[in-house]
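Given next are the chains, with one letter for each unit.
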Amino acid sequence: MTKITVVSDTHGNRRALDGLDTVFSESDIIIHLGDTSADGAYIRNKFPHTLLLNGNCDPVKLGENERVIEVEGLKIFACHGHLYSVKSTLLKLAARAKELGCKIALYGHTHRAREDFIEGVTLINPGALYRYGEKSYLYLVVNGEKFTAKTVPLN
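An account of the accompanying structure is given in this report. (Residues numbered from 1 in each chain as written. Predicted model: local features only at pLDDT ≥ 70, side-chain atom pairs only at ≥ 80, totals over all residues. Heavy atoms only, no water.)

Right, let's talk about the overall build of the protein chain for a bit. Each helix and strand in the protein chain was counted, giving four helices and 10 strands. Helices (α) and strands (β) of the protein chain occur, in sequence order from the N terminus, as β-α-α-β-α-β-β-β-α-β-β-β-β-β. Against the 2.2 N^0.38 benchmark of 15 Å for 155 residues, the protein chain shows a C-alpha radius of gyration of 14 Å, consistent with a compact globule. Across its three principal directions, the C-alpha atoms of the protein chain cover 35 × 35 × 30 Å. Taking all 155 residues of the protein chain together, the buried fraction comes to 50%. Sequence-distant contacts in the protein chain: of pairs separated by 6 or more residues, those separated by 24 or more amount to 51%. For the protein chain, the accessible area works out to roughly 7,400 Å², and carbon and sulfur atoms hold 49% of it. Counting 19 positive and 18 negative side-chain charges, the protein chain places the centres of these two groups 3 Å from one another. (Helix = DSSP H or I, 4+ residues; strand = E, 2+ residues; numbered from the N terminus. Rg over C-alpha atoms; globule rule 2.2 N^0.38 Å. Buried < 20%, exposed > 50% of the residue type's maximum accessible area, 1.4 Å probe, protein only. Contact = heavy atoms within 4.5 Å. Areas by Shrake-Rupley, 256 points an atom, 1.4 Å probe, with all protein chains shown as cover. Lys, Arg positive; Asp, Glu negative; His and termini not counted. Charge placed at Lys NZ, Arg CZ, Asp CG, Glu CD.)

This is the structure we're talking about:
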């Protein structure tokens with residue numbers, strides 16, 4: 001069983017990130033989906049098992065634009081989402097994930113947590129940890145080719 005914590009769109013809110021240190025320390029993998037990848041580097045300084053993705057608001061690109069992560073035989077596609085027009089459609093994102101053989105696509109960019117199922121792919125946005133609006137992150141547990149995803153709201 002692999003525990004993954006996914007955050008996105010932190011935009012410099014290090015206070016929210018510091019509040020997740022306990023969750024991060026219990027995670028096998030941490031994924032920061034961009035905006036701001038420097039925040040992902042901040043997490044990685046404390047938790048080396050952090051993967052960084054670039055977002056559209058990253059002046060310095062410290063991560064990758066997209067990545068396939070294989071966990072216990074389950075392939076996961078991760079990106080920020082802006083290159084796939086996720087604010088208007090999820091079809092491009094689902095098609096790319098399916099093309100790469102992924103069952104899950106993780107994305108951010110919209111600042112809204114949601115989960116959808118398109119073309120055999122589960123698409124999950126963890127929401128944002130931005131200073132304003134509703135804050136949330138994703139807790140994903142992978143057990144073989146099965147997974148459970150839970151969006152966790154923060155006060």
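After that view of the structure, there is still more to cover.
Our focus in this paragraph is the pairing of strand 7 (residues 114-118). One face of the sheet, then the other: side chains in a regular strand alternate in exactly this way. Relative to strand 8 (residues 121-125), strand 7 is paired through five bridges, and the arrangement is antiparallel. Residue Ile118 lies in a different strand from strand 8, and its bridge partner there is Val121. Where strand 7 folds back onto strand 8 in an antiparallel hairpin, the turn is made up of two residues, including Glu119, whose phi is positive at roughly 55°. (Pairing = 2+ DSSP bridges.)

This part is about the sheet that holds strand 1 (residues 2-7). Strand order in the open sheet formed by five strands is 3-2-1-9-10, with mixed pairing between adjacent strands. If you trace the sheet from one side to the other, it starts and ends with strand 3 (50-52) and strand 10 (146-154), each paired once. Strand-to-strand twist across the sheet, computed as the mean angle between neighbouring axes with direction ignored, equals 20°. As judged from the five bridges shared by strand 1 and strand 9 (residues 135-143), these two strands associate in the antiparallel manner. In the sheet register, Thr5 faces strand 9, and the bridge partner there is Tyr139. Against the sheet, helix 3 (residues 37-46) contacts strand 1, strand 2 (29-32) and strand 3, and its axis sits at roughly 165° relative to strand 3. (Axes fitted to C-alpha atoms, helices over the stretch in contact; angles between N-to-C directions.)

Looking now at the side chain of Ser8. Here Ser8 lies in the loop between strand 1 and helix 1 (14-18). On the basis of relative accessible area, Ser8 is assigned to the buried category, the value being 0%. Polar contacts involving the side chain of Ser8 include one to the side chain of Asp9, which spans 2.7 Å. In this structure Ser8 touches Leu33, Gly34, His80, Gly108, His109, Pro126, Gly127, Ala128 and Leu129, once residues within four positions along its chain are discounted. (Polar contact = N/O pair within 3.5 Å; in protein donor to acceptor, adjacent residues only side chain to side chain.)

The final tally for this structure, using the stated rule, is two aromatic pairs. The interplanar angle of 65° and the centroid separation of 5.8 Å between the aromatic rings of Phe24 and Phe47 together place this pair among those described as edge-to-face. Taken as a pair, Phe24 in helix 2 (residues 21-25) and Phe47 in the loop between helix 3 and strand 3 lie far apart in primary sequence, 23 residues in all. With respect to burial, Phe24 and Phe47 carry one shared label: buried. Relative to Tyr84, the ring of Phe77 lies with its centre 5.9 Å away and its plane at 85°, an arrangement referred to as edge-to-face. Across the pair, exposure class does not vary: Phe77 and Tyr84 are buried alike. (Phe/Tyr/Trp six-rings, centres within 6.5 Å; stacked < 30°, edge-to-face > 60°.)

Now for the environment of Glu64. Topologically, Glu64 is positioned in the loop between strand 3 and strand 4 (66-71). Using a relative accessible area of 34% as the deciding quantity, one classes Glu64 as partly exposed. Between the C-alpha atom of Glu64 and that of His82, which follows or precedes it by 18 residues, the distance is 13 Å. When near neighbours in sequence (up to four residues on either side) are disregarded, Glu64 contacts Leu52, Leu53 and Asn54. Within the structure, Glu64 has its side chain in polar contact with the side chain of Arg67 (distance 3.1 Å).

Limitation: the analysis is restricted to geometry and does not speak to function.
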